[in-house]
Amino acid sequence: MFKDSFKYYKARKPPPNLEHVIDPMKPSNKNVRKMNVDFQSETGLGVKFGLKSMKEWNIYEFINIPGLILLQNPFTAKGQQEWIIKCLKEYTEKPNITNIDAHGLLSNNETWWDTCFGTMPRKDLLSRLRWTTLGYHHNWDTKHYSENLKSKMPNDLKDLIEYLARILGFQEFKAEAAIINYYKMNSTLAGHTDHSEAYLEAPLFSISFGQAAIFLIGGLKQENSAHALFLRSGDVLVMSGNSRLKYHGVPKILIDESKPWSSMPNSSINNEDWQKVNAYISDSRINVNVRQVLKPGQLNL
Ligand code: OGA
Ligand code: MN
């Protein structure tokens, strides 16, 4: 059962044995199969999005989880740093909605970033950031999207996801809504399915940054058993086809000593924002979860 695996990996005492967690860094041919994509589709845009050359990408399908695709960290370290800064500084600003705004923890014209990192930093708010919604805002109570609760998707994020989607073969994918989840080391995300979108045939794109996670994915019902896999900084997970509506969740965050977001000592970007963000990410994970909401040709909800 999904919840038994969840409980097992979440436990601290005793800590879980990670031997059965599928590790795309050590791909065994009984778990994953390499997918080939057309390198010819590479355009100059990759550099702008902080991506490595497509020749360096590794893309895997999971043999026992049809439809699930992992594009293993296609980002450069600098690219990751830029996206992490955006997730914390830019995307937490209005018109996007964060749990901090929703709970009225800031006064009207304050931003989360300025409150945490300004001249009089409120350190207490730093770890209280849980989510931001962009585009069609996910309503956490009704679980519905509506035309009345919608703002513009940031162009850079929309363009990145649609670029990746095209290369992975999802020509028509439109990035219309995003949830950014912020995790501390003891955070979890309970098992759920994502079924609020009007068009459930479109895949779901999920990018991880910062510390690593154990990701659990089961079946269409909670009673089905689950597979566990590692997600690391930069990884792009795509839930498409048969995997799109499966139960999934995050029972554990793990320190990633390899720090895939940090550059070689002499080339690290030394700007002020990165100094702040580097400290934040040392005990945090960020997940950027992007969805298409509308059916092809549908103009609004
Ligand atoms: C979600 C989700 C998974 C993750 O936001 O719906 O499933 O890896 N996130 O954080
Ligand atoms: Mn989900």
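Conventions used here
Residues numbered from 1 in each chain as written. Chains lettered and ligands numbered in written order. Predicted model: local features only at pLDDT ≥ 70, side-chain atom pairs only at ≥ 80, totals over all residues. Heavy atoms only, no water. UniProt positions renumbered as here; feature names shortened; annotations may be inferred. Helix = DSSP H or I, 4+ residues; strand = E, 2+ residues; numbered from the N terminus. Polar contact = N/O pair within 3.5 Å; in protein donor to acceptor, adjacent residues only side chain to side chain. Buried < 20%, exposed > 50% of the residue type's maximum accessible area, 1.4 Å probe, protein only. Contact = heavy atoms within 4.5 Å. Donors = N, O, S within 2.8 Å, 3.2 Å for Na, K, Ca; no water. Near = heavy atom within 4 Å. Areas by Shrake-Rupley, 256 points an atom, 1.4 Å probe, with all protein chains shown as cover. Nonpolar A, V, L, I, M, F, W, Y, C, P; charged D, E, K, R; others polar. Arc of directions from axis to C-beta. Core = buried A, V, L, I, M, F, W, Y, C linked by side-chain atoms within 4.5 Å. Pairing = 2+ DSSP bridges.

The name that an unreviewed UniProt entry assigns to the protein chain is Alkylated DNA repair protein alkB homolog 1, with the source organism given as Ceratosolen solmsi marchali.

Colleague: Help me get a handle on the UniProt feature "binding site: Fe cation" (unreviewed entry) in the protein chain, residues and values and all.
Modeller: The positions UniProt marks with the feature "binding site: Fe cation" (unreviewed entry) are His192, Asp194 and His248. Despite a sequence span of 57 residues, these residues sit close together in the fold, their greatest C-alpha distance being 9.0 Å. Topologically, His192 is positioned in strand β7 (residues 189-192). Separated by 3.0 Å, the side chain of His192 and the backbone oxygen of Ala190 make a polar contact. By secondary structure assignment, the location of Asp194 is in the loop between β7 and β8 (204-210). Exposure remark for Asp194: the relative accessible area of 9% places this residue in the buried category. Once you skip the residues sitting within four places of it in the chain, Asp194 turns out to touch Leu200, Leu204, Arg244, Leu245, His248 and Arg291.

Colleague: Requested: an account of the coordination of the manganese ion (ligand 2), with residues and values cited.
Modeller: Under ideal tetrahedral coordination, the four donors around a metal are separated by 109.5 degrees; under ideal octahedral coordination, the six donors are separated by 90 or 180 degrees. The coordination sphere of the manganese ion (ligand 2), as far as protein atoms go, consists of His192 (NE2), Asp194 (OD) and His248 (NE2), spread over 2.1 to 2.2 Å. In terms of primary sequence, the donors binding the manganese ion (ligand 2) are separated according to H-x1-D-x53-H.

Colleague: Lay out the side chain of Asp23 in plain terms, naming residues and giving numbers.
Modeller: Of note, Asp23 is situated in the loop between α1 (2-10) and β1 (32-34). A polar side-chain atom of Asp23 sits 2.8 Å from a polar atom in the side chain of Arg232. Once residues within four sequence positions are removed from consideration, Asp23 is found in contact with Phe230 and Arg232.

Colleague: Report on the site of ligand 1, specifying residues and quantitative values.
Modeller: Around ligand 1 sit Asn181, Tyr183, Leu189, His192, Asp194, Phe215, His248, Val250, Arg285, Asn287, Asn289 and Arg291, and that is every residue in its neighbourhood. Measuring from a nitrogen atom of ligand 1, one finds a side-chain N or O atom of Asn289 at 3.3 Å. In the complex, the protein chains occlude 97% of the 290 Å² of accessible area that ligand 1 would expose alone. For the shell around ligand 1, the secondary structure elements donating two or more residues are β6 (177-184), β7, β12 (248-254) and β13 (284-291). Here the residues of the shell around ligand 1 are counted per class, giving 4 nonpolar, 5 polar and 3 charged.

Colleague: Which residues make up the environment of Gly169, and what are the values?
Modeller: By the secondary structure assignment, Gly169 is in the loop between α7 (155-167) and β6. Residues Gly169 and Asp38, spaced 131 residues apart in sequence, show a C-alpha to C-alpha distance of 9.6 Å.

Colleague: Can you break down α1 residue by residue, with the values?
Modeller: Looking at α1, one finds that the buried residues are Phe2, Ser5, Phe6 and Tyr9. Around the axis of α1, the buried residues are gathered within 105 degrees of arc, so they sit on the same side. For α1, the exposed residues lying more than 90 degrees away from the buried face are Lys3 and Lys7. On its buried face, α1 is in contact with β7, β9 (212-217), β10 (227-231) and β12.

Colleague: Describe the nonpolar core, listing the residues and the values that go with them.
Modeller: Leu88, Trp112 and Ile286 are the most contacted members of the largest nonpolar core, which has 54 residues in total. Per-element accounting of this core gives the leading share, 7 residues, to α7. Look past the residues within four positions of Leu88 in its chain and what remains in contact with it is Trp112, Trp113, Leu129, Tyr182, Val277, Tyr280 and Ile286.

Colleague: Outline the sheet that holds strand β4 (residues 97-98), supporting the account with residue identities and numerical values.
Modeller: Strands sit in the order β1-β2-β3-β11-β8-β13-β6-β5-β4 across an open sheet of 9 strands; the sheet is antiparallel. The outermost strands of the open sheet, each flanked by one partner alone, are β1 and β4. Of the pairings in the sheet, the one linking β6 to β13 comprises 8 bridges and is antiparallel in character. For Lys184, the partnering residue across the bridge sits in β13 and is Ser284.

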